[in-house]
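Report on the structure
The residues making up each chain are set out below.
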Amino acid sequence: MDILALDRSRVVTFEPHKAYTASQVSTVLYDWFSYEFMPREAAARFYKEVVLRTHPERPCGDRNLVIYVKRPAGGARSVSNEAELIQSLRTLSAFKHGLELQVYDGNAPVKDAIALFQRAVLVIGAHGGGMANLMFSPPGTLVVEISTPGTYSYAAPAIACQQEYWLVLAKSDSQKVSDAHNKPMTVNINEVTALVGCALSHHADVHTGLSPLMRLDESTRPVEPASSSCRGSGQAAAGSLS
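**Observations concerning the nonpolar core**
Side chains of nonpolar character tend, in soluble globular proteins, to be buried together. By size, the foremost hydrophobic cluster in this structure holds 29 residues, and its most contacted members are L122, I124, I146 and L200. When contributions to this core are tallied by element, the ones reaching two or more residues are β1 (65-69), α2 (82-89), β3 (120-126), β4 (142-147), β5 (164-169) and α5 (189-206). Broken down by element, this core gets its largest block of residues, 6 residues, from α5. Those residues in contact with I124, other than ones at most four positions away along the chain, are V66, I67, Y68, V69, L89, M131, V144, I146, V192 and V196. Ranked by size, the runner-up nonpolar core spans 24 residues in total, among them Y47, A120, V123 and A160.

If you want it as structure tokens, here you go:
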């Protein structure tokens, strides 16, 4: 309530058999997947009126986290080889020079989650509710989403939030595409690690407010620069890894 600037004294408990009138109604998304059609104006208003009102935006140089959004082990769209993936990500040179990898399991209070994701340089995770926290991250944040063919994505919200988005297609444990959304999945660890490394290297080269020590090994080919400002324009990768 405090984060949304709602007066608690005006909150009433809904009873289905009573009639209510109001001059303004605030509601959650009426459909699970309405976020896929989020307009940029709505995202900008949310960030300004909700996030920045309670958590002033950090300078680029103060953002030092790569946040891995974890899903419950063995559940829908959990990453079966997640431990190996996280271990591989930690080998990137960026984590030896100022960046920290933090695993987020979704259990933090909202205020703590906002403060955490405001420090993000890059957010990575499997498709699910936890990835909605990218809306707390500043424009220009890198977003890497892991998903399977035929399911949903956070591409639209990330782009609406003026963030840079990549999609990694994983192999579902299900033999049916129609059921892939509900089963665990396995990623190509080398491909995901290389993509994250390239994104961080590109971000450090282009966004001069970030530490110049965030570099990937010389043997890895960086992506092409897409912006000259810490506050990105919001775009998705031309393709996806599979």
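Further notes follow.
**As for unusual backbone geometry**
In this model, R77 sits at a positive phi of 60 degrees, which is unusual for a non-glycine residue. Among the secondary structure elements, R77 is positioned in the loop between β1 and α2.

**Brief notes about the environment of L65**
Following the sequence through the fold, L65 ends up in strand β1. Take L65: its relative accessible area is 0%, and that puts it in the buried class. When the C-alpha atoms of L65 and V121 are compared, they prove to be 5.6 Å apart, with 56 residues separating the residues in sequence. In this view, L65 contacts L99, E100, Q102, L116, R119, A120, V121 and L122; residues no more than four positions away in its chain are not counted.

**Quick look at helix α1 (residues 40-54)**
Over its 15 residues, α1 runs 21 Å from end to end, which matches the ideal 21 Å to within 8%, given 1.5 Å per residue. A maximum bend of about 30 degrees is found in α1 at Y47. Buried within α1 we find A43, Y47, V50 and V51. For α1, the secondary structure elements touched by its buried residues are α3 (110-117) and α4 (155-160).

**A word on the pairing of β5**
As a general feature of sheets, a regular strand has side chains that alternate between the two faces. Where β4 lies against β5, 6 bridges are found, and the strand directions are parallel. Residue E145 lies in a different strand from β5, and its bridge partner there is L167. Where the polypeptide runs from β4 across α4 and back to β5, its parallel neighbour, the crossover connection is right-handed.

Basis of the calculations
- Residues numbered from 1 in each chain as written.
- Predicted model: local features only at pLDDT ≥ 70, side-chain atom pairs only at ≥ 80, totals over all residues.
- Heavy atoms only, no water.
- Core = buried A, V, L, I, M, F, W, Y, C linked by side-chain atoms within 4.5 Å.
- Buried < 20%, exposed > 50% of the residue type's maximum accessible area, 1.4 Å probe, protein only.
- Helix = DSSP H or I, 4+ residues; strand = E, 2+ residues; numbered from the N terminus.
- Contact = heavy atoms within 4.5 Å.
- Expected span 1.5 Å × (residues − 1).
- Bend = angle between axes of the 7 residues up to and from the residue.
- Pairing = 2+ DSSP bridges.
- Right-handed = clockwise from strand over helix to strand, strands pointing away.

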